[in-house]
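A closer look at the structure
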Amino acid sequence: MKMNGARIMLECLKKEGVDTVFGYPGGTVINIYDELFNVKEIRHILPRHEQAGTHAADGYARATGRVGVAIATSGPGATNTVTGIATAYMDSIPMVIITGQVPTALIGNDAFQEVDIIGITRSCTKHSFLVRDVNDIATIMKKAFYIARSGRPGPVLVDLPKDVQIAQAEFSYPESVEIRSYKPNLVGHPRQVEKAVAMLLDSRRPVMYVGGGVGLGNAAEELTALARNLEVPVTTTLMGLGSFPESDPNSLGMLGMHGAYCANMAMTHSDLIVAIGARFDDRVTGKIATFAPHARIIHIDVDPTSIKKNVRVDLPIVGDVKDVLSKMIKQVDKHKDKVAVFKEGLAAWHADVAGWKDKHPISYKQSSTIIKPQYVIQKLRELSDDDAIIATDVGQHQMWTAQFFQFNRPRTLLSSGGLGTMGYGLPAAMGAQAAFPDRQVIAICGDGGVQMNIQEMATLVQNRLPVKIVILNNNFLGMVRQWQELFFDKRYSQTCMELPIDYIKLADAYGAKGFLATKPDEVEKVIRQGFAEKGPVIMEFKVAREEKVLPMVPAGASLNEMVLNA
Amino acid sequence: MQHTISVLAENEFGVLSRVASLFSGRGFNIESLTVAPTNEDGMSRMTIVTRGDENILEQITKQLNKLIDVIKVIDFSDGSAIEREMALVKVTAEDESRAEVLRIVDIFRAKIIDVTPKSYTIEATGSPVKIDAILELLRPLGLKELVRTGAVAIGRGAKGWKG
Ligand SMILES: Cc1cc2nc3c(=O)[nH]c(=O)nc-3n(C[C@H](O)[C@H](O)[C@H](O)COP(=O)(O)OP(=O)(O)OC[C@H]3O[C@@H](n4cnc5c(N)ncnc54)[C@H](O)[C@@H]3O)c2cc1C
Ligand SMILES: Cc1ncc(C[n+]2csc(CCOP(=O)(O)OP(=O)(O)O)c2C)c(N)n1
Ligand SMILES: [Mg+2]
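A quick note: this is a predicted structure, and the numbers were derived from the prediction, not measured. (Residues numbered from 1 in each chain as written. Chains lettered and ligands numbered in written order. Predicted model: local features only at pLDDT ≥ 70, side-chain atom pairs only at ≥ 80, totals over all residues. Heavy atoms only, no water.)

Description of the pairing of strand S1 (residues 2-10) of chain B
Residues and elements named next belong to chain B. Burial of S1 is extensive: eight of the nine residues sit out of reach of the surface. The pairing of S1 with strand S3 (residues 43-51) spans nine bridges and is antiparallel. Bridging from a neighbouring strand, His3 pairs with Thr50 of S3. With five bridges connecting them, S1 and strand S4 (residues 70-75) associate as antiparallel partners. Counted as the bridge partner of Leu8 is Lys72 from S4. (Buried < 20%, exposed > 50% of the residue type's maximum accessible area, 1.4 Å probe, protein only. Helix = DSSP H or I, 4+ residues; strand = E, 2+ residues; numbered from the N terminus. Pairing = 2+ DSSP bridges.)

In structure tokens form, the structure reads like this:
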């Protein structure tokens, strides 16, 4: 049966099993929206800003592991998605973004609402397609989804001119895709795996350094099994949190700039680092020249460009984490006696690690008069469901969440790590809640970033998405203020948010509920009240204004040169 | 270190800009870049001359390979390639310098492709080093205009790129 291009695109989404899209109509996607009227299998959520729609698709993807889908019109609609696309790109999140485009005959004419969105997003998409023939839509959509989710995942943009949406064609969705120029290497080389296990069992001070790739590759189970079997200490990046239970005695927590002292010391003193789906970001390594000076490094990553990009690597293994870790588990099982000796040999290392843990645990000074932000995070953990999904914004509150929440399950922390996008938290939580209507979804935001997509309160209320928004209100752009305090003589240039906002009224204006805590003994009550509400909620906590995120590795310093207390 | 890299890519919309913006976006250096279709359907071949240390070159080839439209990347670093470049040169040629230009053209097996009473236009082909050399000799005589294609490269021996 013939149908128009707009309908074909939607049929492709159905074939891909897409149940939810986040989109915003406009002139060049009006045909898609007209067809959407007839498609009941796809839930369309209308955000109040395309940036938020894109972050929501990203949050949906992070929480579910499926490909998130966003739609926007040409021109300003498309440019509004750019921050969302770049955010997803930096954290390797699978997404397909469909943008309308002016009719093919007008492309290049500075037509009304024309932008070269493919050009604009070239460096922040995994790939992009301009569809020029209605007969190509199905193949391109198939490729787009395949590229977005396979190998190192990432956002793929499909630019769909209006005339192509109107043109008619037969619809048939390809069963499979074959792209001769794109063949991600998913299978770890068996001999490299053997070597890796041999190196591991030969080491005395091993650390597993776990990144976002383990969650992306759904390999938390394999990782946990391997690490527990060998009793190797595990540290994770911000993106790796949740892939190894922080409740486990061998968890070192997060490493890096605001990581745990024990994690950074373990890296510095290690003789063997097994990097698993992590990319040696500068927030993690500190000064490269002094990074892990005694360690040999095994690096497992599906993307060859991640390997040897920032640090030397002794044994690279290109492949999917799940495949490589499964093989390592099997390989370890072949050496039961060696494993026993290896574990005995770790006693001294475990003692060192325990010493560091004891010496400087992640901590803060409690107060009886003023709410400490860290206390709110601890209380949130205590009072929330075990499988609660936490989205954060960017800033101090994000780091306190990473330090104090304690993540034990994969895909329960959604946070913009690579791009560090303020405004991400609320819409990402919205996307996760759309995917999991019955799970607790909490957005932890600062008073700065929450304003960047606050309009999504309307989307939450309209779509009955009961996101619990927590605002740690320090009346500052706190993370920048912290840098100004430490490195710019407390010259708080433009970081004080002068105007107090009445968040209870604000919530009310959107038809949601707001709660406020100003004293420590109100914290628990407010959280309980907020969690008890059926709908979306804002819980505002007026917190200590000049609290710092510590410990901290100053920019350019070595990992073991941590500022520990004020 | 100078390196010559061949990139075989799908002849898709925008592939050249993907490659070019990869270089500019990541701060890699391009000394020259040539591109044209090949004998294989829908495939084009670029020759890129770049500069960088070993780590940078490794990143360049990996990043090129990562582009979805790129089919194969060949790094000719070890002198395993034959390189050729063409230059079109307009030189001043009056009175006594006319003979001098002709002598240089002859020595380098170049060709005169356009003549006026005041100038010669020369076509020279050869390795980039040879082109540099002829230009060196012509420069004192008065270079009015110069166009170079940038190097193209092909592997030595009987094997094609597919092996
Ligand atoms: C204010 C602020 C402070 C920060 N402070 C810290 C800090 O103290 N500590 C910290 O750790 N981070 C911190 N970050 C985050 C930091 O910027 C980086 O985003 C983060 O460290 C990168 O994590 P990652 O190495 O796990 O890489 P990711 O970006 O998660 O990359 C994943 C890697 O895994 C690979 N991969 C993906 N899928 C697979 C698969 N299936 N199989 C194999 N490999 C795969 C990818 O190719 C990639 O190399 C901070 C961010 C902000 C905004
Ligand atoms: C879109 C964007 N603009 C600017 C920044 C720089 N920045 C990083 S953290 C931060 C302060 C965030 O303040 P707030 O949301 O109140 O959180 P807090 O640090 O106080 O917890 C700023 C401005 C950013 N990361 N993103
Ligand atoms: Mg703040």
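Topic: the nonpolar core
A:Met208, A:Ile276 and A:Met328 are the most contacted members of the largest nonpolar core, which totals 62 residues. The contact partners of A:Met328, leaving out residues within four places of it in the chain, are A:Val193, A:Ala196, A:Val197, A:Leu200, A:Leu226 and A:Ile300. (Core = buried A, V, L, I, M, F, W, Y, C linked by side-chain atoms within 4.5 Å. Contact = heavy atoms within 4.5 Å.)

Regarding the site of ligand 2
Residues and elements named next belong to chain A. The environment of ligand 2 is formed by 17 residues, the closest being Gln396, His397, Gly420, Gly449 and Gly478. Here an oxygen atom of ligand 2 sits 2.8 Å away from a polar atom, N or O, in the side chain of His397. Elements with a minimum of two residues in the shell around ligand 2: helix H18 (396-404) and helix H21 (478-487). The biggest single contributor to the shell around ligand 2 is H21, with three residues. For the shell around ligand 2, the per-class residue count stands at seven nonpolar, nine polar and one charged. (Near = heavy atom within 4 Å. Polar contact = N/O pair within 3.5 Å; in protein donor to acceptor, adjacent residues only side chain to side chain. Nonpolar A, V, L, I, M, F, W, Y, C, P; charged D, E, K, R; others polar.)

So, the site of ligand 1
All names here are of chain A. As a structural note, the neighbourhood of ligand 1 is formed by 37 residues, with Thr237, Arg279, Asp301, Ser306 and Asp320 the closest of them. Interatomic distance of 3.0 Å between a backbone N/O atom of Leu238 and an oxygen atom of ligand 1. Val302 is positioned with one of its backbone polar atoms (N or O) 3.1 Å from a nitrogen atom of ligand 1. Compared with its free state, where it exposes 1,000 Å², ligand 1 has 97% of that area covered by protein. Among the secondary structure elements, those contributing two or more residues to the shell around ligand 1 are helix H10 (212-216), helix H13 (282-285) and H18. Looking at which element gives the most residues to the shell around ligand 1, the answer is H10, with three residues. Here the shell around ligand 1 is built from residues that sort into 14 nonpolar, 16 polar and seven charged. (Areas by Shrake-Rupley, 256 points an atom, 1.4 Å probe, with all protein chains shown as cover.)

Thoughts on a nonpolar patch on the surface
A cluster of nonpolar side chains, namely A:Leu486, A:Phe487 and A:Phe488, defines an oily patch on the protein surface of about 280 Å² accessible area. Looking at the secondary structure, you find A:Leu486 in helix H21. (Patch = residues over 30% accessible without salt bridge, like charges linked within 9 Å, V, L, I, M, F, W, Y side chains within 5 Å. Salt bridge = Lys/Arg side-chain N within 4 Å of Asp/Glu carboxyl O.)

Some thoughts on the interface of chain A and chain B
Taken residue by residue, the interface counts 19 residues in chain A and 19 residues in chain B. Here chain A and chain B share an interface that buries about 1,700 Å² over both sides, 49% of which is from carbon and sulfur atoms. Of all residues in chain A, the largest losses of buried area upon contact with chain B belong to A:Arg122, A:Arg180 and A:Ser181, amounting jointly to 37% of the total for that side. At the boundary of chain A and chain B, one finds three salt bridges. (Buried area = accessible area lost by both parts, 1.4 Å probe.)

Notes on the environment of A:Ser203
Residues and elements named next belong to chain A. With respect to the helices, strands and loops of the structure, Ser203 is situated in the loop between helix H9 (190-202) and strand S9 (206-210). The class of Ser203 is buried, set by a relative accessible area of 5%. Sequence-wise, Ser203 and Arg66 are 137 residues apart; in three dimensions their C-alpha atoms are separated by 38 Å. Contacts of Ser203, omitting those with residues within four sequence positions, involve Asp271, Leu272 and Phe342. Among the polar contacts listed, one links the side chain of Ser203 to the backbone oxygen of Leu200, at a separation of 2.7 Å.

Considering the sheet that holds strand S18 (residues 468-473) of chain A
All names here are of chain A. Overall, parallel pairing links the six strands, which are arranged S16-S15-S17-S18-S20-S19 in an open sheet. Each edge of the sheet is formed by a strand with only one pairing partner; in this case those strands are strand S16 (413-414) and strand S19 (513-517). Where strand S15 (residues 389-392) meets S16, two bridges bridge the pair, whose relative direction is parallel. Directly across from Ile390, in S16, lies its bridge partner Leu413. Taken strand by strand, H18 contacts S15, strand S17 (441-446) and S18, and its axis lies near 135° from that of S17. (Axes fitted to C-alpha atoms, helices over the stretch in contact; angles between N-to-C directions.)

Description of the coordination of the magnesium ion (ligand 3)
Perfect tetrahedral coordination of a metal by four donors corresponds to 109.5 degrees between them, and perfect octahedral coordination by six donors corresponds to 90 or 180 degrees. All names here are of chain A. Within the protein, the magnesium ion (ligand 3) binds to Asp447 (OD), Asn474 (OD1) and Phe476 (O); these donor distances fall in the range 2.1 Å. Sequence spacing among the residues donating to the magnesium ion (ligand 3) works out to D-x26-N-x1-F. On the basis of relative accessible area, Asn474 is assigned to the buried category, the value being 6%. (Donors = N, O, S within 2.8 Å, 3.2 Å for Na, K, Ca; no water.)

Topic: the packing of aromatic side chains
Residues and elements named next belong to chain A. Scanning the model with the defined rule gives 11 aromatic pairs over all chains in all. Pairing Tyr209 with Phe280 gives two aromatic rings, centres 4.9 Å apart and planes at 70°, and the pair type is edge-to-face. Here Phe280 lies in the loop between strand S12 (272-276) and H13 and Tyr209 lies in strand S9, a separation of 71 residues in the sequence. Note on Tyr209: relative accessible area 0%, which makes it buried. Note on Phe280: relative accessible area 2%, which makes it buried. Ring centres of Tyr364 and Phe404 lie 5.4 Å apart, and the angle between their planes is 85°; on these two criteria the pair is classed as edge-to-face. Here the residue Tyr364 occupies a position in the loop between helix H16 (347-359) and helix H17 (373-383), and Phe404 occupies one in helix H18, the gap between them amounting to 40 residues. (Phe/Tyr/Trp six-rings, centres within 6.5 Å; stacked < 30°, edge-to-face > 60°.)

Focus on the pattern of salt bridges
Opposite charge on two side chains permits them to pair, given that their charged atoms come into close proximity. A complete count under the given rule lists 39 salt bridges over all chains for this structure. Note that B:Glu58 and A:Lys308 form a salt bridge whose closest N and O atoms lie 3.8 Å from each other. Highlighted residues: B:Glu58 in helix H2 (residues 54-66) and A:Lys308 in the loop between strand S13 (296-301) and strand S14 (315-318), drawn from two different chains. Take B:Glu58: its relative accessible area is 24%, and that puts it in the partly exposed class. Close ionic contact of B:Glu136 with B:Arg139 constitutes a salt bridge, the shortest N to O distance being 3.6 Å. Here B:Glu136 pairs with B:Arg139, and both are found in helix H4 (residues 128-142), just three residues apart, close to one helical turn. Relative accessible area serves as the criterion here: at 52%, B:Glu136 is assigned to the exposed category. B:Arg139 sits in the partly exposed class, given a relative accessible area of 44%. Where salt bridges share partners, they join A:Arg7, A:Glu11, A:Lys14, A:Glu35 and A:Glu41 into one cluster.

Here's the deal with the confidence of the model for chain B
All names here are of chain B. Taken residue by residue, chain B gives an average pLDDT of 94. The fraction at 70 or more is 100%. Highest mean pLDDT in chain B belongs to strand S7 (residues 119-126) (98); lowest belongs to helix H3 (residues 96-107) (94). Here the predicted complex scores 0.97 on pTM and 0.91 on ipTM. (pLDDT = per-residue confidence, 0-100.)

Points about the sheet that holds S3(B)
All names here are of chain B. One open sheet accounts for four strands, arranged S2-S3-S1-S4; its pairing is antiparallel. Where the open sheet ends on each side, the last strands, each with one partner, are strand S2 (29-37) and S4. Across this sheet, the average inter-strand angle for adjacent strands is 20°, counted without regard to direction. Pairing of S2 with S3, which is carried by eight bridges, proceeds in the antiparallel orientation. Bridged to Ala36 within S3 is Arg45. In the packing of helix H1 (residues 15-25) onto the sheet, contacts are made with S1, S2 and S3, and the angle to S3 comes to roughly 15°.

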